[in-house]
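Each chain, letter by letter, is given below.
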Number of protein chains: 2
Amino acid sequence: MLSDIEIAQKANLAPIEQIAQKLGLFQEDVEPYGKYKAKVSLPESTSNDMGKLILVTSINPTPAGEGKTTVSIGLADGLNQIHKKAVLALREPSLGPVMGLKGGATGGGYSQVLPMEDINLHFTGDIHAITAANNALSALIDNHIHQGNELEIDPQQIIWKRSLDINDRALRHTVVGLGNKAQGVPHEEGFDISVASEIMAILCLANDLADLKTRLAKIVIGYTYQNKPVTVHDLQVEGALALLLKEAIKPNLVQTMEQTPAFIHGGPFANIAHGCNSVAATKTALQLGDYTVTEAGFGADLGAEKFLDIKVPSLDKAPDAIVMVATIRALKMHGGLTTEQLANEDLSALKKGFANLKKHINNMQNYGLPVVVAINEFALDQENELLYLQELCQEISVTAVLSSAWENGGPGATELASTVVSTIEKNEANYKRLYQNQLPLEDKIKEVAQKIYGASDVVFEKKAKKQLKDFKTFGWDLLPICIAKTQYSLSDDASLLGVPQNFTLNVKEIQPKMGAGFLVVLTGNILTMPGLPKRPAALDMDVDDSGRVSGLF
Amino acid sequence: MLSDIEIAQKANLAPIEQIAQKLGLFQEDVEPYGKYKAKVSLPESTSNDMGKLILVTSINPTPAGEGKTTVSIGLADGLNQIHKKAVLALREPSLGPVMGLKGGATGGGYSQVLPMEDINLHFTGDIHAITAANNALSALIDNHIHQGNELEIDPQQIIWKRSLDINDRALRHTVVGLGNKAQGVPHEEGFDISVASEIMAILCLANDLADLKTRLAKIVIGYTYQNKPVTVHDLQVEGALALLLKEAIKPNLVQTMEQTPAFIHGGPFANIAHGCNSVAATKTALQLGDYTVTEAGFGADLGAEKFLDIKVPSLDKAPDAIVMVATIRALKMHGGLTTEQLANEDLSALKKGFANLKKHINNMQNYGLPVVVAINEFALDQENELLYLQELCQEISVTAVLSSAWENGGPGATELASTVVSTIEKNEANYKRLYQNQLPLEDKIKEVAQKIYGASDVVFEKKAKKQLKDFKTFGWDLLPICIAKTQYSLSDDASLLGVPQNFTLNVKEIQPKMGAGFLVVLTGNILTMPGLPKRPAALDMDVDDSGRVSGLF
């Protein structure tokens with residue numbers, strides 16, 4: 001069997017100018033970055049002529065794998081197979097996981113976006129620009145303190161962290177500014193992976209350069225000795241940060257293996273941030289294509305909820321249909337099986353695990369959105385199981401369609417594509433938000449916890465209780481919320497699969513992300529700087545004398 | 001008066017494809033990065049057909065400014081004005097100083113390389129790729145130790161430092177790996193600015209991808225508990241690091257304000273590294289142009305010495321002429337004046353300061369290379385002083401030509417260009433290295449100290465003495481040396497201007513840069529992570545809603 005990169009290297013790519021032309025882009029709006037990548041100008045803010053939006057999400061992820069990105073790419077290729085003008089809008093991968101675990105984030109098998117080496121490595125430099133802006137801000141904060149500290153920033157209350165786009169556990173807890181007076185003011189510090197930087201979330205929610213700069217100015221970097229918030233605007237550096245991001249904010253255009261246009265742009269975490277590609281890219285795709293396929297991070301409880309409650313208001317366009325990805329294997333794990341038990345047919349485990357899928361379907365329907373289930377086919381799936389899953393879906397009046405896009409590319413997803421199109425053509429989408437921003441902060445958290453996660457109640461720990469008060473004083477309580485929770489369970493306990501009952505959601509801390517425009521609600525120890533595994537993928541990577549890449553999966 | 005960026009924004013740029021075509025590059029060797037930048041394929045290693053090489057260097061820099069880059073750009077434009085096919089090969093700027101002090105590194109006035117905003121900001125991402133590779137290596141080292149430490153690396157003897165492309169004094173001395181067992185192994189750590197990373201030096205000396213990978217494999221990252229050196233090859237990650245650098249190693253093509261082709265690629269420090277642009281870029285320029293103008297860092301004692309003893313062997317081509325840049329103002333400072341005293345005519349100070357220029361001229365002549373002096377004109381220069389300086393040069397049989405390229409662009413440097421061409425046409429260059437690599441390490445250091453700096457002797461401090469022995473044991477003593485010394489004086493004492501006499505050079509430490517292929521000889525506290533000033537340039541930078549940049553000088 002060929003590896004992903006071997007399949008990718010056999011693909012027939014069109015010059016990126018040709019892809020741009022197919023989309024109807026003007027030449028002056030396209031800046032090629034090499035032969036197969038381009039930056040395109042920011043979308044017109046005035047255009048109301050938008051295509052249909054398809055949001056791909058999934059059940060809670062399990063070690064069995066769901067393949068949301070592969071299904072998204074396959075669906076877009078499938079739509080093109082049935083002669084619809086489809087465009088992809090996806091996240092761009094972080095170097096950290098690429099070097100750490102086996103794999104990039106560009107799909108797999110015969111459903112990939114290309115050139116996968118470039119997209120998985122530095123791509124057009126967006127994440128590097130974010131890292132640079134993030135760390136320029138840190139240097140400017142520490143320099144301000146070192147040079148007299150006019151703003152009276154308390155070094156022990158700096159909440160802005162440095163960042164690097166790498167998995168590096170040794171940078172989680174550090175002390176900087178050691179040495180002597182000339183080396184700055186010592187304080188504790190931590191590095192996040194760059195995609196966890198608030199600047200990534202900002203870049204993904206900003207509609208244009210002006211919006212970007214306004215958001216950057218609002219970032220709260222810490223507090224004074226008098227516990228007053230200090231912002232980027234107080235430091236007068238929003239202009240410099242925006243300058244560092246002026247190219248990064250432009251959407252990147254690439255293509256799938258079947259030459260379907262794909263915008264790959266931005267990639268914030270789906271727990272401490274909202275987990276989907278940029279508003280700029282999605283809007284561009286919507287303006288150029290008849291069908292835009294986009295993806296939300298993790299399961300629908302995290303990714304889709306945030307897409308719908310955080311991104312949609314900024315995008316000003318809701319999905320016309322939801323595609324919910326599930327695999328037989330993963331559902332069986334939600335039904336109680338271990339990875340070792342997955343090979344055998346087990347309809348009762350499947351039925352039990354189906355509850356997880358059903359809960360996510362109901363959640364999406366409560367937003368007023370129609371759902372199609374995509375069953376991502378795996379080699380060992382049993383015919384009986386597939387039929388039974390389709391039956392279970394039918395019982396709740398949802399169509400479940402098999403996708404073999406990983407093995408067959410677009411032709412493996414034409415049935416899925418047709419089903420999605422006919423669903424959209426019924427015009428049933430009637431999006432309504434889960435909560436209004438004016439609701440009290442506690443109530444907004446309860447709304448998500450109870451309605452989406454199925455929690456019986458929410459418990460606020462001491463620190464969070466104080467913050468509920470403080471944030472109200474600062475006038476920060478009217479923002480949408482972004483709950484950081486384990487992706488593996490509907491609850492805040494990663495070990496509870498299926499549909500956990502009678503649990504409380506425990507809120508430890510609330511973090512202001514005033515630039516991104518949401519409050520992060522922490523319900524556990526969310527790792528914002530991953531570590532490398534015992535044998536990092538880096539050990540297998542190579543490039544030969546002619547520039548040919550190996551060891552990227 | 002217009003600022004540099006205002007002048008730059010009025011320039012008439014040709015599409016980069018057109019510049020590439022003018023050079024005779026094939027379309028398949030050019031990858032555009034936007035409309036006015038491109039990466040070009042690595043040069044053919046087989047081609048022997050090279051043009052003439054002009055190395056621009058200078059007297060020891062003073063606060064009065066010398067303008068080496070401006071003269072280099074002006075000279076290339078001047079050569080084109082007199083119908084010679086000239087190409088530039090220059091260093092690319094680091095973001096650190098751009099955000100910190102007023103100014104980028106793309107020339108000034110009417111002698112600039114463009115697009116200056118892009119070149120000064122992220123450009124084509126080379127330095128970001130170096131940062132990523134540098135820090136991936138750090139993460140892989142710390143992960144190796146954390147995951148069992150098979151190689152028995154002593155955490156207290158890791159000499160590989162992390163890096164960021166920013167001026168950030170708080171990162172000079174840090175402790176990483178704090179927290180608990182899951183957060184890695186605690187150890188002291190420091191961050192260098194990325195351009196001080198050995199990877200930058202490697203990228204600039206490698207002839208191709210194979211050479212790059214071989215050099216990366218040889219990097220010594222630290223020592224075992226038994227004091228044995230540990231290399232990147234021991235960690236098996238040279239392939240991954242080379243992969244991260246596969247695009248960064250390709251030269252970047254841009255243009256001057258007068259559409260002269262310019263390769264801007266690589267930019268290592270000129271003290272702890274060799275201080276000139278990449279071998280790949282210089283070689284490409286030499287293969288495509290009749291005259292290649294390139295620049296060495298700092299004064300000729302540091303930059304040109306390293307160009308001639310470190311870069312030339314890798315490039316396999318020596319300069320055909322040296323252009324030595326001086327200003328009346330700077331020479332008067334070498335003659336004892338303060339910045340406040342520069343406005344008035346002072347021939348005796350000029351004569352006294354001329355000694356510095358003369359010493360550098362003699363040094364270059366001792367390499368067997370002909371020298372032309374370029375007097376970079378400043379508004380307040382006195383006619384008498386200019387004539388007197390030319391006279392002083394004439395007395396030692398060297399032509400000194402005025403350049404007004406800053407004010408007038410290429411037309412202000414045509415006389416300089418003609419003089420350089422006629423000097424080259426006399427065919428007097430007969431390059432010989434200062435020392436052979438086989439010389440004992442102490443003797444190589446003494447050779448540079450005595451012949452180039454004019455030191456009476458070299459004193460090795462205790463640590464350096466031990467290293468002289470150790471390095472011999474490790475077989476490292478046969479490499480060329482790279483002396484890190486203050487750039488402001490021929491001696492290792494920054495306060496001694498002019499031509500210091502009867503001083504000793506004090507060697508504190510020797511650092512192995514086995515990938516770069518040289519030994520760094522430290523003679524003082526060389527800052528490899530700058531700090532930001534009281535009022536960083538970042539505070540004045542901005543980008544408006546349409547993407548127009550301001551505050552870059």
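Residues numbered from 1 in each chain as written. Chains lettered and ligands numbered in written order. Predicted model: local features only at pLDDT ≥ 70, side-chain atom pairs only at ≥ 80, totals over all residues. Heavy atoms only, no water.

1. Digging into the overall build of chain A
And then number 1: Helix and strand content of chain A: 19 helices and 26 strands.
And then number 2: Its C-alpha atoms give chain A a radius of gyration of 23 Å, within 12% of the compact-globule value 24 Å for 553 residues.
And then number 3: The dimensions of chain A, computed from C-alpha atoms along their principal axes, are 70 × 60 × 50 Å.
And then number 4: Here chain A, with 553 residues, has 64% of them falling under the buried criterion.
And then number 5: Taking as baseline every contact in chain A between residues at least 6 positions apart, the subset at least 24 positions apart corresponds to 76%.
And then number 6: Of the roughly 19,400 Å² of accessible surface on chain A, 48% is carried by carbon and sulfur atoms. (Helix = DSSP H or I, 4+ residues; strand = E, 2+ residues; numbered from the N terminus. Rg over C-alpha atoms; globule rule 2.2 N^0.38 Å. Buried < 20%, exposed > 50% of the residue type's maximum accessible area, 1.4 Å probe, protein only. Contact = heavy atoms within 4.5 Å. Areas by Shrake-Rupley, 256 points an atom, 1.4 Å probe, with all protein chains shown as cover.)

2. Here we look at the packing of aromatic side chains
And then number 1: Scanning all chains against the criterion turns up eight aromatic pairs over all chains.
And then number 2: Between phenylalanine 474 of chain A and tryptophan 476 of chain A, the aromatic rings sit 4.6 Å apart at their centres with planes inclined by 45 degrees, giving tilted as the arrangement.
And then number 3: Considering the side-chain rings of phenylalanine 471 of chain B and tryptophan 476 of chain B, the 5.0 Å spacing of their centres and the 75 degrees angle between planes classify their relative orientation as edge-to-face. Each member of the pair, phenylalanine 471 of chain B together with tryptophan 476 of chain B, is buried.
And then number 4: Here the aromatic cluster, defined as three or more aromatic residues joined through ring pairs, consists of Tyr223, Phe471, Phe474 and Trp476 of chain A.
And then number 5: For the cation-ring pair, arginine 433 of chain A lies above tyrosine 435 of chain A, with the distance from its terminal atom to the ring centre recorded as 4.9 Å. (Phe/Tyr/Trp six-rings, centres within 6.5 Å; stacked < 30°, edge-to-face > 60°. Lys NZ or Arg CZ within 6 Å of the ring centre and 35° of its normal.)

3. As for the confidence of the model for chain A
And then number 1: Confidence along chain A averages 95 in pLDDT terms, with 99% of residues attaining 70 or more.
And then number 2: Among the prediction metrics, the complex's ipTM stands at 0.95, with pTM recorded as 0.96. (pLDDT = per-residue confidence, 0-100.)

4. As for the interface of chain A and chain B
And then number 1: Each partner contributes to the interface: chain A provides 70 residues, whereas chain B provides 70 residues.
And then number 2: Between chain A and chain B, a total of about 5,900 Å² is buried, with carbon and sulfur atoms accounting for 63% of that surface.
And then number 3: If you look at where chain A meets chain B, you find six salt bridges.
And then number 4: Taking the shortest distance from any N to any O, the salt bridge between arginine 162 of chain B and aspartate 168 of chain A comes out at 2.9 Å.
And then number 5: Remark: the boundary between chain A and chain B carries 33 residue pairs in polar contact (both at pLDDT 80 or more).
And then number 6: When residues in the side of chain A that touches chain B are grouped by element, the largest group, 10 residues, is from helix 6 (residues 126-146) of chain A.
And then number 7: Partitioning the side of chain A that touches chain B into residue classes produces 37 nonpolar, 18 polar and 15 charged. (Buried area = accessible area lost by both parts, 1.4 Å probe. Salt bridge = Lys/Arg side-chain N within 4 Å of Asp/Glu carboxyl O. Polar contact = N/O pair within 3.5 Å; in protein donor to acceptor, adjacent residues only side chain to side chain. Nonpolar A, V, L, I, M, F, W, Y, C, P; charged D, E, K, R; others polar.)

5. Some words on the UniProt feature "binding site: ATP" (unreviewed entry) in chain A
All names here are of chain A.
And then number 1: Per the UniProt entry, the sites bearing "binding site: ATP" (unreviewed entry) are Thr62, Pro63, Ala64, Gly65, Glu66, Gly67, Lys68 and Thr69 in this numbering.
And then number 2: Looking at where glutamate 66 falls in the secondary structure, it is placed in the loop between strand 3 (52-58) and helix 3 (68-81).
And then number 3: Apart from residues lying up to four places away in sequence, glutamate 66 is in contact with Ile59, Asn60, Pro61, Val325, Thr327, Ala330 and Asn376.
And then number 4: At 3.1 Å, the side chain of glutamate 66 and the backbone nitrogen of threonine 62 are in polar contact.
And then number 5: Structurally, lysine 68 can be placed in helix 3.
And then number 6: For lysine 68, a relative accessible area of 11% translates into the label buried.
And then number 7: What lysine 68 contacts, discounting residues up to four positions off in sequence, is Val56, Thr57, Ser58, Arg91, Glu295, Ala296, Gly297, Phe298 and Val325. (UniProt positions renumbered as here; feature names shortened; annotations may be inferred.)

6. Overview of empty space enclosed by the protein
And then number 1: One pass over the structure, following the stated rule, counts 10 cavities of 30 Å³ or more.
And then number 2: Size it by volume and the largest cavity reaches roughly 470 Å³.
And then number 3: Lining the largest cavity are 36 residues, with Phe123, Thr124 and Gly125 of chain A together with Thr124 and Gly125 of chain B positioned closest to its centre.
And then number 4: Elements that contribute at least two residues to the lining of the largest cavity include exactly helix 5 (116-120), helix 6 and helix 10 (238-244) of chain A together with helix 6 (126-146) and helix 10 (238-244) of chain B.
And then number 5: For the lining of the largest cavity, the residue count by class is 15 nonpolar, eight polar and 13 charged.
And then number 6: Estimated volume of the second largest cavity: approximately 200 Å³.
And then number 7: In this structure, the second largest cavity is lined by 16 residues; those nearest its centre are His128, Thr131 and Leu164 of chain A together with Thr131 and Leu164 of chain B.
And then number 8: The greatest single-element share of the lining of the second largest cavity, amounting to five residues, is contributed by helix 6 of chain B.
And then number 9: Residues of the lining of the second largest cavity, tallied by class, amount to eight nonpolar, six polar and two charged. (1 Å grid on protein atoms, 1.4 Å probe; cavity = no way out; pocket = protein on both sides within 12 Å on 5 of 7 lines; lining within 4 Å. Points joined across faces, edges and corners; volume = space filled by probe spheres on them.)

7. Comments concerning helix 3 of chain A
Residue and element names in this part refer to chain A.
And then number 1: Between the first and last C-alpha of helix 3 there are 19 Å, a value that for 14 residues agrees with the 20 Å anticipated at 1.5 Å per step.
And then number 2: With 12 of its 14 residues buried, helix 3 lies for the most part within the structure.
And then number 3: Along helix 3, the residues classified as buried are Lys68, Thr69, Thr70, Val71, Ser72, Ile73, Gly74, Leu75, Ala76, Asp77, Gly78 and Leu79.
And then number 4: In the segment just after helix 3, histidine 83 is the residue with positive phi, at about 70 degrees. (Expected span 1.5 Å × (residues − 1).)

8. Thoughts on the packing of helix 6 of chain B against helix 7 (residues 198-205) of chain B
All names here are of chain B.
And then number 1: Close contact between helix 6 and helix 7 brings their axes to 9 Å; oriented N to C, the two are set at 125 degrees. If you check the angle between helix 6 and helix 7, you find them oblique. By crossing handedness, the relation of helix 6 to helix 7 is classed as right-handed. Taken together, the residues of helix 7 that come into contact with helix 6 (itself represented by Ile127, Ile130, Ala133 and Asn134) are Ile199, Met200 and Leu203. (Axes fitted to C-alpha atoms, helices over the stretch in contact; angles between N-to-C directions. Parallel < 35°, antiparallel > 145°, perpendicular 65-115°, else oblique. Left-handed = near helix turned anticlockwise from the far one by under 90°.)

9. Remarks on the nonpolar core
And then number 1: The biggest cluster of nonpolar side chains holds 294 residues, and the ones touching the most others in it are Leu357 of chain A together with Leu357 of chain B.
And then number 2: In contact with leucine 357 of chain B, other than residues within four places in its own chain, are Ile59, Met324, Ala326, Leu331, Val373, Leu389 and Cys393 of chain B. (Core = buried A, V, L, I, M, F, W, Y, C linked by side-chain atoms within 4.5 Å.)

10. Some points on the sheet that holds strand 24 (residues 518-522) of chain A
Residues and elements named next belong to chain A.
And then number 1: On the basis of which strands lie adjacent, the open sheet formed by three strands has the order 21-24-23 and mixed pairing. Looking at the sheet topology across the chains shown, the edges are occupied by strand 21 (481-484) and strand 23 (509-513). Between one strand axis and the next, the sheet turns through 25 degrees on average, direction left out of account.
And then number 2: In this structure, strand 21 lies alongside strand 24, joined through four bridges in parallel fashion. (Pairing = 2+ DSSP bridges.)

11. Let's talk about the domain arrangement of chain A
Quoted interface sizes are often the accessible area lost when the parts come together.
Residue and element names in this part refer to chain A.
And then number 1: You can read the domains of chain A as domain 1 (4-125 + 248-426), domain 2 (127-243) and domain 3 (441-523).
And then number 2: On a C-alpha basis, the centroid separation for the pair domain 1 and domain 3 is 27 Å.
And then number 3: If you look at the interface, domain 1 gives 21 residues, while domain 3 gives 22 residues.
And then number 4: Both faces considered, domain 1 and domain 3 share a buried interface measuring about 1,800 Å² in area, 65% of it formed by carbon and sulfur atoms.
And then number 5: Joining domain 1 to domain 3, the criterion identifies one salt bridge.
And then number 6: Across the pair lysine 485 and aspartate 301 runs a salt bridge whose closest N-O atoms are separated by 2.8 Å. (Domains from an automatic or database assignment.)

12. Some words on the relation of the copies chain A and chain B
The relation between the two copies of this chain is a rotation about an axis and a shift parallel to it.
And then number 1: For the match of chain A to chain B, the screw axis carries a shift of 0.0 Å, the RMSD comes to 0.0 Å, and the turn is 180 degrees. What we have between these two chains is a two-fold relation. In terms of proximity to the rotation axis, the leading residue of chain A is tyrosine 33 of chain A, whose C-alpha is 2.1 Å off the axis.
And then number 2: Same-surface contact between copies: 100% of interface residues of chain A are shared with the interface of chain B. (Least-squares fit on C-alpha atoms with pLDDT ≥ 70 in both.)

13. Focus: the pairing of strand 18 (residues 371-376) of chain B
Residues and elements named next belong to chain B.
And then number 1: In terms of burial, strand 18 is a largely internal element, six of the six residues being buried.
And then number 2: Residues Val371, Val373 and Ile375 point to one face of strand 18 and Val372, Ala374 and Asn376 to the other, with burial holding for every one of them.
And then number 3: Here five bridges tie strand 17 (residues 321-326) to strand 18, and the two strands are oriented parallel to one another. Looking across to strand 18, one finds that valine 323 is bridged to valine 372.
And then number 4: In the sheet, strand 18 pairs with strand 19 (residues 400-403) via four bridges, with the strands oriented parallel. Directly across from asparagine 376, in strand 19, lies its bridge partner serine 403.
And then number 5: Following the backbone out of strand 18, through helix 15 (residues 383-395) and into the adjacent parallel strand 19, one traces a crossover that is right-handed. (Right-handed = clockwise from strand over helix to strand, strands pointing away.)

14. A closer look at the sheet that holds strand 13 (residues 229-231) of chain B
Residue and element names in this part refer to chain B.
And then number 1: In space, the three strands of this open sheet follow the order 7-12-13, with antiparallel pairing throughout. Of all strands in the sheet, those bounded by a partner on one side alone are strand 7 (153-158) and strand 13. When strand polarity is set aside, the average angle formed by the axes of neighbouring strands in this sheet is 50 degrees.
And then number 2: Bridge count for strand 7 against strand 12 (residues 220-224) is two bridges, and the pairing is antiparallel. Bridge pairing in strand 12 places isoleucine 153 opposite threonine 224.
And then number 3: With respect to the sheet, helix 6 is in contact with strand 7 and strand 12, its orientation differing from that of strand 7 by roughly 135 degrees.

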